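# Chains, contacts and geometry: an overview
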Amino acid sequence: MAEIIVVTSGKGGVGKTTTSASIAMGLAERGKKVAVVDFDVGLRNLDLIMGCERRVVYDFVNVIQGECTLKQALIKDKRNEKLFVLAASQTRDKDALTPEGVEKVLDELRQDFDFVICDSPAGIERGAHLAMYFADRAVVVVNPEVSSVRDSDRVLGIMASKSRKAERGDGTIKEHLLITRYSPKRVADGDMMSIADIEEILGLPIIGVIPESELVLQSSNAGVPVILDNQAPAGQAYADAVARLLGEDRPMRFTEADKKGLLKRLFGS
């Protein structure tokens, strides 16, 4: 029986889809059978980041409306046979997602997978609410800036009161915080919120800190989840986050600014 994990945020452009792709790939690389589902109807970016955009024939809405089976719509990743992608529709309205339809698809996925990763749209509209409504766990993605943290705080309030678990009185969604585009140097210079600042405002355990890196964008443009680059700090940080999701205890890396040696202080870099 799969565990459903929603990757969500309040603000757009913080790296949710990049995070969904890397978490899904990371879990599959550890031998878990994983489905990653794009809830962003009308836009659809997950298939691009996963590098399978040319293989989309049927999508999430097609399955909900009975135009194909779930097996027809799932796309097997070419790099890992345990990872499958369910793309969003680019041509439908967000109202095409219904609670009954989403529940039916997720229940079917639960039977065959270890994890279902729900890539949520930003904000609190219909697609985002449905992505988080059935979740067992949530990864809340934030950038270290005030607007991102504030908007995510609102999403946390909605999950606490409007999820299926909340409505049924069946416990709460287990929430984790993942910080993206983190620059220790900019934090030290006072240009960016610190990890402690974000923790104090949101009150969530941090599952990962992804360093600011041009490689993240390059990997996304190439259709390769950045976690597959195990030499890059961003890839290593996502791998650490996946390990923590699975209950492993790992030290938090890439959170301190490099200390310059004597020669660098005298002559610069």
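Described below are features of the structure shown in this document. (Residues numbered from 1 in each chain as written. Predicted model: local features only at pLDDT ≥ 70, side-chain atom pairs only at ≥ 80, totals over all residues. Heavy atoms only, no water.)

## A few points about the pairing of strand 6 (residues 137-142)
Of all six residues in strand 6, six are buried; the element is thus mostly enclosed. Burial along strand 6 is two-sided: the face carrying R137, V139 and V141 and the face carrying A138, V140 and V142 are both buried. In this sheet, strand 6 lies alongside strand 1 (residues 3-8) in parallel orientation, the contact comprising four bridges. Bridging from a neighbouring strand, T8 pairs with V140 of strand 6. (Buried < 20%, exposed > 50% of the residue type's maximum accessible area, 1.4 Å probe, protein only. Helix = DSSP H or I, 4+ residues; strand = E, 2+ residues; numbered from the N terminus. Pairing = 2+ DSSP bridges.)

## A word on the packing of helix 6 (residues 126-133) against helix 7 (residues 146-162)
Contact geometry of helix 6 with helix 7 gives a least axis separation of 10 Å together with a crossing angle of 55°. By the angle between their directions, the pair helix 6 and helix 7 is classed as oblique. In terms of crossing hand, the pair formed by helix 6 and helix 7 is right-handed. Where helix 6 abuts helix 7, its residues H129, M132 and Y133 lie against V155, I158, M159 and K162. (Axes fitted to C-alpha atoms, helices over the stretch in contact; angles between N-to-C directions. Parallel < 35°, antiparallel > 145°, perpendicular 65-115°, else oblique. Left-handed = near helix turned anticlockwise from the far one by under 90°. Contact = heavy atoms within 4.5 Å.)

## Quick word on the pairing of strand 4 (residues 83-86)
Burial along strand 4 is two-sided: the face carrying L83 and V85 and the face carrying F84 and L86 are both buried. Where strand 3 (residues 75-76) lies against strand 4, two bridges are found, and the strand directions are antiparallel. Each residue of the ladder has a partner; that of K76, found in strand 4, is F84. Between the antiparallel neighbours strand 3 and strand 4 lie six residues.

## With respect to the side chain of D119
Counting through the fold element by element, D119 comes out in strand 5 (residues 115-119). We note that D119 is buried and unpaired, the nearest opposite charge coming from K16 at a distance of 6.0 Å. For D119, the side chain forms a polar contact with the side chain of T17, separated by 2.9 Å. D119 has contacts with V7, K16, T17, S20, V37, D38, F39, D40 and L46, leaving out every residue within four places of it along the chain. (Lys, Arg positive; Asp, Glu negative; His and termini not counted. Salt bridge = Lys/Arg side-chain N within 4 Å of Asp/Glu carboxyl O. Polar contact = N/O pair within 3.5 Å; in protein donor to acceptor, adjacent residues only side chain to side chain.)

## Observations regarding the environment of L74
Note that L74 resides in the loop between helix 4 (70-73) and strand 3. Distance in space between the C-alpha atoms of L74 and F84 is 5.9 Å, their sequence separation being ten residues. Discounting chain neighbours no more than four positions away, the residues touching L74 are F84, V85, L86, L109 and F113.

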